[in-house]
Amino acid sequence: KKSFAAGAIVESPVEKGLLYMGTDHGAFWVSKNDGANWEEHSAGIANNYIRSISPSRFKTSRVYMAMTGLNYDDLHSYLYSSDDYGKTWKSIASGLPDEPVNVVKEDPTNENILYAGGLRGVYISIDRGNKWSYLGINMPAAAVADLEIHEATMDLVVGTHGRGIYKTSLKPIQKMMSQN
């Protein structure tokens, strides 16, 4: 795919040298040797801007990816998972509002919990993306630019486009899920 810029680059938290990079036109690249060689794994995904890549810490070959078509007047949701380093992709956007998704994060304590930041807020899945629910109260319906999990306190920090920064504790969610 013809691309001009990298939209996201990240290293696996569990395998040193396993790098993922996504571009502004839907090209997903993988390096298993610290960037010496790269393979493109873009089959089955949209030709949109890859904004976020979240490698799993529970399964080395698992990776999540969020892309947006906002730059191309495509306002649909694009969220994917792969269990084979991106060779094959599965859409996990079903159940999300059909609007741009900018970021996806895997919970650091439970592989089944995912967080996604979209055009109007934060969403949570407790079944690895099969179903999604709106997360939180007292947060305006604002476009989420980024999510970060502060692991020392287990706070989810939410950066928005022009509406401020918010945080919420993930401990109640993690505790509830650990009791199931």
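Up top you'll find the structure we're talking about.
All figures in this text were calculated on a predicted structure; none of them were measured in a lab.

Asks: Can you help me understand the overall build of the protein in this one?
Replies: Within the protein, the regular secondary structure consists of 1 helix and 15 strands. For 180 residues, the compact-globule estimate of 2.2 N^0.38 gives 16 Å, and the C-alpha radius of gyration of the protein, at 16 Å, lies within 12% of that figure. Structurally, the protein occupies a C-alpha span of about 45 × 35 × 25 Å along its principal axes. A total of 180 residues make up the protein; the buried ones form 49% of that total. In the form shown here, the protein has an accessible surface area of approximately 8,700 Å², with 51% of it arising from carbon and sulfur atoms.

Asks: For this particular structure, what's the right way to read the packing of aromatic side chains?
Replies: Each aromatic ring pair is described using two quantities: the centre-to-centre distance and the angle formed by the ring planes. For the coordinates displayed, the defined rule picks out 4 aromatic pairs. Ring centres 5.6 Å apart and planes at 40 degrees place the aromatic pair Y20 and F28 in the tilted group. By relative accessible area, which is 0% here, F28 ends up buried. Aromatic pair F28 and W89: ring centres 4.8 Å apart, planes at 80 degrees, arrangement edge-to-face. With a gap of 61 residues between them, F28 in strand β3 (residues 28–31) and W89 in the loop between β7 (74–82) and β8 (90–91) connect regions that are remote in the sequence. Both residues of the pair, F28 and W89, count as buried. Feature note: the residues Y20, F28, Y80 and W89 constitute an aromatic cluster, connected by ring pairs. Directly above the ring of Y85 sits K32, whose terminal nitrogen or CZ lies 3.8 Å from the centroid.

Asks: What is the right way to read the sheet that holds strand β5 (residues 49–55) from this model?
Replies: With antiparallel pairing, 4 strands are arranged side by side in an open sheet as β5-β6-β7-β8. Looking along the sheet, the strands with just one partner apiece sit at the ends: β5 and β8. Pairing of β7 with β8 involves 2 bridges; the strand directions are antiparallel. Bridging from a neighbouring strand, S81 pairs with K90 of β8.

Asks: Hey, could you run me through the pattern of salt bridges in this one?
Replies: Note that side chains of opposite charge can pair when their charged atoms are close. Tallied over the entire structure, the rule returns 8 salt bridges. Across the salt bridge formed by D83 and K59, the nearest N and O atoms sit 4.0 Å from each other. Here D83, found in the loop between β7 and β8, pairs with K59, found in the loop between β5 and β6 (63–69); they are 24 residues apart in sequence, far enough to count as distant. Owing to a relative accessible area of 33%, D83 belongs among the partly exposed residues under this scheme. As a salt-bridge pair, E99 and R120 come within 2.6 Å of each other at their nearest N and O atoms. With a gap of 21 residues between them, E99 in the loop between β8 and β9 (101–106) and R120 in the loop between β10 (114–118) and β11 (121–125) connect regions that are remote in the sequence.

Asks: Just checking my understanding: could you explain the pairing of strand β15 (residues 165–169) for this structure?
Replies: Regular strands have side chains that alternate between both faces of the sheet. Bridge count between strand β14 (residues 155–160) and β15: 5 bridges; the pairing is antiparallel. Paired with G159 across the two strands is I165, which belongs to β15. Here β14 folds back onto β15 in antiparallel fashion, the turn holding 4 residues, of which G162 has a positive phi close to 80 degrees.

Parameters at a glance
Residues numbered from 1 in each chain as written. Predicted model: local features only at pLDDT ≥ 70, side-chain atom pairs only at ≥ 80, totals over all residues. Heavy atoms only, no water. Helix = DSSP H or I, 4+ residues; strand = E, 2+ residues; numbered from the N terminus. Rg over C-alpha atoms; globule rule 2.2 N^0.38 Å. Buried < 20%, exposed > 50% of the residue type's maximum accessible area, 1.4 Å probe, protein only. Areas by Shrake-Rupley, 256 points an atom, 1.4 Å probe, with all protein chains shown as cover. Phe/Tyr/Trp six-rings, centres within 6.5 Å; stacked < 30°, edge-to-face > 60°. Lys NZ or Arg CZ within 6 Å of the ring centre and 35° of its normal. Pairing = 2+ DSSP bridges. Salt bridge = Lys/Arg side-chain N within 4 Å of Asp/Glu carboxyl O.

These figures capture arrangement, not role.
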